[in-house]
Protein chains: 2
Amino acid sequence: MHPKGCTFFFLFITFAIHYNYGHMPRFEIDILGCGAAKPSLRHLPTAQVVNVRDKLFMIDCGEGAQISLCRARHNMTRLGHIFLSHLHGDHCFGLFGLLSTMGLSGHTGEVVIHAHPDAERLFRPMLDYFCRENPFDIRFNAISPSSTEAIYSDRSVTVRAIPLKHRIPTCGFLFEEAEGERHLRGDMVEFYNIPTYRRAGIKQGEDFITPEGKVVPNSMLTLPPTPAARYAYCSDTMYTTRIVPYIEGVDALYHEATYGDQEEAWASKRFHSTARQAATLAKQAQVGKLIIGHFSSRYKDEKILLAQAQEVFPNTSLAHEGMKIILKK
Amino acid sequence: MHPKGCTFFFLFITFAIHYNYGHMPRFEIDILGCGAAKPSLRHLPTAQVVNVRDKLFMIDCGEGAQISLCRARHNMTRLGHIFLSHLHGDHCFGLFGLLSTMGLSGHTGEVVIHAHPDAERLFRPMLDYFCRENPFDIRFNAISPSSTEAIYSDRSVTVRAIPLKHRIPTCGFLFEEAEGERHLRGDMVEFYNIPTYRRAGIKQGEDFITPEGKVVPNSMLTLPPTPAARYAYCSDTMYTTRIVPYIEGVDALYHEATYGDQEEAWASKRFHSTARQAATLAKQAQVGKLIIGHFSSRYKDEKILLAQAQEVFPNTSLAHEGMKIILKK
C-alpha cells in the first residue's frame with residue numbers, strides 16, 4: 001500500500017474504534033513504589049500511576065518515581081495531575097525530580113498538583129528555582145481531606161478524597177470512571193444501514209429514524225455500557241471504619257499494611273495499619289480485590305502479611321514495584 | 001579462650017593497630033550515581049561518598065543517593081558532611097530523602113551541608129517541615145567556588161573548592177589527606193624495648209631517650225609516613241584548563257564526560273565536557289588515574305566515550321554505580 005494510503009487506513013481504523021464502536025476503556029494502575037518511610041533495598045517509597053483511557057494520573061510521588069515511570073514505559077507528556085495523599089517525605093520527595101524531567105521531556109501545557117494547602121508554600125520556591133526553564137505551568141490545587149466535592153473531574157474520570165486517619169492531615173483517593181457510552185449493535189447498524197454520522201448520537205441514547213420515518217428505539221440498537229470501574233487508594237492510615245462508605249464495592253482497593261499482627265499496638269501508635277486490618281476493611285466494604293502495600297522495611301519477606309490478610313479476605317495480593325492492576329484493558 | 005579474655009584480646013589488637021603501629025589509612029570513593037540530568041534506566045543522578053579513615057563525606061546528592069548508600073553498606077551515622085557542587089536538581093534532589101532517613105537511622109550530632117549560599121534559603125523551609133523530628137542539627141556552610149580557603153579540615157583530611165565553569169556557579173572538590181604519622185620500626189621498638197606510652201610521641205617525630213640517658217634520633221626509629229592521597233572531583237563543567245593547577249598530580253580525578261567527540265559543540269553550549277576533553281585535562285595535570293562520568297542518557301553504551309578518552313589518557317575508567325575507587329585501604 002502507498003505510504004499515504006497506509007496512513008489514512010490507520011487513521012480510519014483509529015476513528016472507527018474511537019468514534020463508532022466505543023472508546024478504549026483502559027483503566028490500569030501501575031505500582032511504582034510500595035515501601036514505607038525507611039527505605040530498603042526491596043522497595044521504593046510510595047508512588048502509583050493510574051491510567052484511565054490513556055490519561056495518566058499520579059498518586060503520591062516518592063523518591064525514584066520518575067525512574068519507575070520510565071521503567072513502566074509511560075509517556076510523561078500524558079501526565080497532567082499529581083495527587084499527594086499527605087506531606088510526609090516518602091510520599092512526595094520524588095516530585096522535584098519528576099517535574100524537572102518532565103521539562104526535559106517536552107511536556108507542555110500544565111501540571112496540577114492536588115495536595116494539602118501547605119504544599120504550595122513549601123514547594124513553590126523550589127520549583128521556581130529548579131524548574132524555571134520548564135516549558136509548562138505548575139498549578140497547585142489545595143485539597144481538604146474531609147471535602148465530599150470532586151477534586152478533579154473530566155469526561156472519563158472523577159477523583160474524590162477519602163478522609164484517612166494519620167499523624168498529619170491525610171486523604172486517600174477514589175477514582176471513579178465515568179459511565180461509558182452504550183455499545184452499538186453491529187447487526188442493527190447493518191440492518192438499518194445506519195449512517196456513520198448518526199452513530200455517535202445513538203451511543204449517547206438517541207433513537208434512530210429510518211428514511212421512511214419509522215422510529216427505532218435506542219434499546220433495540222444498543223447494548224448497555226460496560227460498568228464503570230472504581231479504584232480506591234488508602235495510604236497512610238490507621239484502621240478506621242469510617243472509610244467504608246467511600247470504598248464500598250470498588251473494583252480494587254489499595255490499602256496500606258505497614259505491619260503484621262505482632263506490631264498491632266505499634267501500628268496504632270504510629271497511625272498505620274496491619275495487613276489484617278486492611279483485609280477487614282476490604283471485607284466490610286465488599287471490594288473486588290485488595291492490594292496491600294507500604295510495607296515496613298523490617299519485613300524481609302511480606303508473605304506473612306499476605307497470609308494474615310488472606311485469612312480475612314482471600315482475594316488479597318501483595319503490591320510490588322512493576323505490578324500492574326488491570327481493571328479494564 | 002574465655003569470652004572476656006577474647007574481648008580483651010580484640011581490644012588489645014585494635015589498640016595496637018590504631019595507636020602503636022599507625023591508623024588505618026582508608027581512602028576510598030564509592031560512585032553512587034554517574035548519570036546526567038535526564039534520567040535513564042542505566043544510571044542514577046550524581047552522588048558519591050568519600051571514605052577517609054572511616055569518616056564519610058558525600059559529594060553531591062542526586063535522587064536515589066540514600067538507597068545507593070545503603071546498597072554500598074555504609075553506616076549513615078558516619079556521614080557528617082555533604083558537599084554540593086552546584087544547585088542543579090540532578091546534584092541535590094536526593095538530599096531531603098537522605099536527611100529524613102538519617103533521622104530514622106539514629107544519626108545524632110550535626111550534619112553540615114557545604115553549598116552555594118542559595119541552598120539554605122531554598123532547603124531550610126523544606127527541612128524544617130519534613131525533618132522536624134530529626135535528632136540532629138543541620139547546618140549550612142555557604143561556599144564560594146573561587147575561594148582558596150579550605151572548606152573543611154580535620155586531622156585526617158582537608159577539602160578545598162575547585163572553581164568550575166558551568167551555567168550556574170559551580171565548584172569541584174579536592175580531598176587532600178593529611179600526612180600520616182611516621183611508621184615505627186618494629187625491630188627498633190624491640191631493640192630499645194620502647195614502652196607503649198612513648199610510641200605515639202615517636203610516631204609524631206620525637207626522639208627516644210634510653211633509661212641510660214642515650215638519645216636515639218627519630219630517624220633511626222621510624223620510617224617516613226605513607227604519602228598522602230588526593231582525590232579531585234570535577235562535575236559539572238565545560239573544558240577549562242584553569243583547573244589544572246588545582247588537580248595537578250592527584251591520585252585520582254573524577255571528571256564529567258557528558259558527551260563524545262561528535263557533540264563537542266553542543267557540550268560547549270551546555271557548559272559540559274567531552275570524554276576527550278576530560279582526558280586532555282588528566283594528561284596535562286599528570287593525574288594518577290581518570291574516572292569519567294555524568295554520562296548523557298543518549299549513550300546506551302559508554303564504551304565510545306572510554307575509547308575517545310583513552311586515546312589521550314590511557315589510564316581512564318568509566319564510572320558506574322557501585323564502583324569503588326580505592327586510593328588506600
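Residues numbered from 1 in each chain as written. Chains lettered and ligands numbered in written order. Predicted model: local features only at pLDDT ≥ 70, side-chain atom pairs only at ≥ 80, totals over all residues. Heavy atoms only, no water.

What to know about the pairing of strand 16 (residues 289-293) of chain A
Residue and element names in this part refer to chain A. As a reminder of what qualifies: Per-residue accessibility, obtained with a 1.4 Å probe over protein chains only, is compared with the maximum for each type, and a residue is labelled buried under 20%, exposed over 50%, and partly exposed between these values. Helix and strand definitions here come from DSSP, where helices need a minimum of 4 consecutive H or I residues and strands a minimum of 2 consecutive E residues; each element is numbered from the N-terminal end. Strands pair, by our definition, only if DSSP identifies at least two bridges between them.
The element strand 16 is largely enclosed, with a buried count of 4 among its 5 residues. When strand 15 (residues 252-256) meets strand 16, the two strands line up parallel, connected through 5 bridges. Bridged to Tyr254 within strand 16 is Ile291. Note: strand 16 against strand 17 (residues 316-318), 3 bridges, orientation parallel. From the neighbouring strand, Leu290 faces strand 17, where its bridge partner is Thr316.

Regarding the state of the cysteines
All names here are of chain B. Filter applied, for reference: Any cysteine sulfur atom paired with another within 2.5 Å is treated as part of a disulfide.
As enumerated under the stated definition, the model contains 0 disulfides over all chains in all. The structure places no disulfide on Cys61, whose sulfur is separated from the nearest cysteine sulfur, that of Cys92, by 8.3 Å. Cys234 supplies the cysteine sulfur nearest to Cys171, a cysteine that is in no disulfide, at a spacing of 9.8 Å. Exposure remark for Cys171: the relative accessible area of 2% places this residue in the buried category.

Brief notes about the relation of the copies chain B and chain A
Formally: Superposition of the copies used a least-squares fit over C-alpha atoms from residues whose pLDDT is at least 70 in both. The contact rule is simple, with two residues in contact once any of their heavy atoms fall within 4.5 Å.
Note on the identical chains: chain B maps onto chain A by a rotation of 180° and an axial translation of 0.0 Å, with an RMSD of 0.1 Å. Here the copies are linked by what is in effect a two-fold axis. Of the residues that chain B buries at the interface, 100% are likewise interface residues in chain A, meaning the two copies contact each other through the same surface.

A few points about the packing of aromatic side chains
The cut-off we apply is this: Centre distance within 6.5 Å is the pairing criterion for rings of Phe, Tyr and Trp, where only the six-membered ring of Trp is used; planes under 30 degrees apart are then read as stacked, over 60 as edge-to-face, and the remainder as tilted. Consider the ring centre and the ring normal. A charge sits over the ring if Lys NZ or Arg CZ is within 6 Å of that centre and within 35 degrees of that normal.
In this structure the tally under the stated criterion is 26 aromatic pairs over all chains. A centroid spacing of 5.0 Å and a plane angle of 70° characterise the contact between Phe130 of chain A and Phe93 of chain B, whose relative ring orientation is edge-to-face. Linking Phe130 of chain A in helix 4 (residues 118-130) with Phe93 of chain B in the loop between strand 4 (79-83) and helix 3 (95-104), this pair reaches from one chain into another. Exposure remark for Phe130 of chain A: the relative accessible area of 14% places this residue in the buried category. Residue classification places Phe93 of chain B among the buried positions, given a relative accessible area of 3%. The side chain of Arg132 of chain A reaches across the aromatic face of Tyr129 of chain A, ending 5.1 Å from its centre.

Remarks on the environment of Tyr254 of chain A
Residues and elements named next belong to chain A. Inclusion rule: In protein, a polar contact requires one atom able to donate a hydrogen and another able to accept it; more generally it is a pair of N or O atoms within 3.5 Å, and residues adjacent in sequence count only if both atoms are side-chain atoms.
By secondary structure assignment, the location of Tyr254 is in strand 15. Taking the relative accessible area as the measure of exposure, Tyr254 reaches 0% and is therefore buried. A sequence separation of 22 residues divides Tyr254 from Ala232, and the C-alpha atoms of the two residues are 6.2 Å apart. Polar contacts involving the side chain of Tyr254 include one to the main-chain amide nitrogen of His294, which spans 3.3 Å.

Some details on the confidence of the model for chain A
Low pLDDT means the predicted coordinates in that region are not meant to be read closely. Keep this limit in mind: pLDDT is a per-residue confidence score from the predictor, ranging from 0 to 100.
Counting all residues, the mean pLDDT for chain A is 92, and 93% of those residues have values of 70 or more. Note that residues 6-22 of chain A has pLDDT below 50 and, in this model, 21 contacts with residues that lie over four places away or in other chains.

Observations concerning the packing of helix 4 of chain A against helix 4 (residues 118-130) of chain B
In a packed pair of helices, the relevant descriptors are the angle between the two axes and the axis-to-axis distance. Our working rule: For helices, the fitted axis covers only the stretch in contact; all axes are lines through C-alpha atoms, and the angles between them, taken along N-to-C directions, range from 0 to 180 degrees. Orientation is classified from the angle alone, with under 35 degrees giving roughly parallel, over 145 giving roughly antiparallel, 65 to 115 giving roughly perpendicular, and any other angle giving oblique. Left-handed describes a crossing whose near helix is turned anticlockwise from the far helix through less than a right angle; right-handed describes the clockwise counterpart. Residues are sorted three ways: Asp, Glu, Lys and Arg are charged, Ala, Val, Leu, Ile, Met, Phe, Trp, Tyr, Cys and Pro are nonpolar, and all the rest, Gly among them, are polar.
Relative to each other, helix 4 of chain A and helix 4 of chain B sit at 155°, their axes nearing to 10 Å. The angle between helix 4 of chain A and helix 4 of chain B falls in the class roughly antiparallel. Crossing geometry of helix 4 of chain A relative to helix 4 of chain B is assigned as left-handed. For the pair helix 4 of chain A and helix 4 of chain B, contact is made by Asp118, Arg121, Leu122, Phe123, Pro125, Met126, Tyr129 and Phe130 of chain A and by Asp118, Arg121, Leu122, Phe123, Pro125, Met126, Tyr129 and Phe130 of chain B, respectively. By residue class, the composition of the contact of helix 4 of chain A with helix 4 of chain B is 12 nonpolar, no polar and 4 charged.

Some remarks on the interface of chain B and chain A
For the record, the criterion: Values labelled buried area give the accessible surface lost by two parts on being combined, using a 1.4 Å probe and summing over both. Think of a salt bridge as a Lys or Arg side-chain nitrogen and an Asp or Glu carboxyl oxygen that are within 4 Å of each other.
Contact with chain B, which involves 34 residues of that partner, is made by 34 residues of chain A. Among the residues of chain B in contact with chain A, Glu63, Phe93 and Tyr129 of chain B are the three that bury the most area, contributing 23% of the side total. At the surface where chain B touches chain A, the tally comes to 0 salt bridges. Where chain B touches chain A, the interface holds 6 residue pairs in polar contact (both at pLDDT 80 or more).

Details of the sheet that holds strand 18 (residues 324-328) of chain B
Residue and element names in this part refer to chain B. Strand order across the open sheet formed by 7 strands is 6-5-4-3-2-1-18, with mixed pairing between neighbours. What marks the edges here is a single partner per strand, and that holds for strand 6 (136-142) and strand 18. Sheet twist, expressed as the average angle between the axes of neighbouring strands with direction ignored, equals 20°. Here strand 4 pairs with strand 5 (residues 109-115) via 3 bridges, running parallel. Paired with Ile82 across the two strands is Ile113, which belongs to strand 5. In this fold helix 3 packs onto strand 3 (55-61), strand 4, strand 5 and strand 6, with an angle of close to 170° to the strand it touches most, strand 4. The sheet contacts of helix 4 involve strand 5 and strand 6, and relative to strand 6 the element is tilted by about 165°.

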